[in-house]
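# Remarks on the overall topology
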Amino acid sequence: MGNRKIKWLIYTVLVGLIPILARMLVWLVSIKTNIEVVTPSDFVAFGLVLHISNINEIEHLSSKDRSWKTIQNGISITFIAFYSVLFAASLFGAAHPNLIDIATITKVSILMSLVSLLLSYSVYHRISKL
């Protein structure tokens, strides 16, 4: 594993996981509280951190892989847009629990964040070979 991948793992992945891990820790040590162990907003934040990091890293590459950079930036921007919709839906669902299925929003957020993690890994894997 290259130095760039280790930095990605520590600075991007672990920092992005802070909201998820913090909520789980609070849930674990709480006694008789209504704290949710998993919320969509935590996974939305994780996905946003990953894609913003991708955009930032790709922008600092040389322009020899222009089409790859454009595709990766487009994918990240698309995911950011979807995460924004999921976040808005989760906020709306919290205010109106009978209109939005939060469980479905949570599942979609978790699935998207896992896909984002794989996409981000692939970006950093390619960058580390340059």
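Preceding block: the structure.
Quick look at the structure, then. These numbers come from a predicted model, not from an experiment.

Parameters at a glance
Residues numbered from 1 in each chain as written. Predicted model: local features only at pLDDT ≥ 70, side-chain atom pairs only at ≥ 80, totals over all residues. Heavy atoms only, no water. Helix = DSSP H or I, 4+ residues; strand = E, 2+ residues; numbered from the N terminus. Expected span 1.5 Å × (residues − 1). Buried < 20%, exposed > 50% of the residue type's maximum accessible area, 1.4 Å probe, protein only. Contact = heavy atoms within 4.5 Å. Polar contact = N/O pair within 3.5 Å; in protein donor to acceptor, adjacent residues only side chain to side chain. Phe/Tyr/Trp six-rings, centres within 6.5 Å; stacked < 30°, edge-to-face > 60°. Salt bridge = Lys/Arg side-chain N within 4 Å of Asp/Glu carboxyl O.

### Points about helix H4 (residues 66-95)
Taking 1.5 Å per residue as the helical rise, H4 with its 30 residues ought to reach 44 Å, and the 44 Å between its terminal C-alpha atoms agrees with that figure. Here H4 has its buried residues at Trp68, Lys69, Gln72, Asn73, Ser76, Phe79, Tyr83, Leu86, Ala89, Ser90 and Gly93. Summarising the contacts, the buried residues of H4 are in contact with helix H3 (40-59) and helix H5 (102-128).

### Comments concerning the environment of Leu86
Looking at where Leu86 falls in the secondary structure, it is placed in helix H4. In sequence terms Leu86 and Val44 are 42 residues apart; their C-alpha atoms lie 7.4 Å from each other. Contacts of Leu86, omitting those with residues within four sequence positions, involve Val44, Ile105, Val108, Ser109 and Met112.

### Observations concerning the side chain of Thr12
As for its position among the elements, Thr12 is in helix H1 (residues 3-16). For Thr12, the side chain forms a polar contact with the side chain of Ser53, separated by 3.2 Å. Look past the residues within four positions of Thr12 in its chain and what remains in contact with it is Lys7, Val49, Leu50, Ser53 and Tyr124.

### Brief notes about the packing of aromatic side chains
Enumeration over the complete set of coordinates arrives at three aromatic pairs. An aromatic cluster is present here, built from Trp8, Tyr121 and Tyr124 joined pairwise through their rings.

### Some points on the pattern of salt bridges
For the structure on display, the rule yields three salt bridges. The salt bridge involving Asp42 is made with Arg23; its shortest N-O contact spans 2.5 Å. In this pair, Asp42 is assigned in helix H3 and Arg23 in helix H2 (residues 18-29), connecting sequence segments 19 residues apart. Among the salt bridges present, the one from Asp65 reaches Arg126, with a minimum N-O distance of 3.2 Å. You can see Asp65 sitting in the loop between H3 and H4 and its partner Arg126 sitting in helix H5, a full 61 residues away along the chain. We classify Arg126 as partly exposed; its relative accessible area is 34%.

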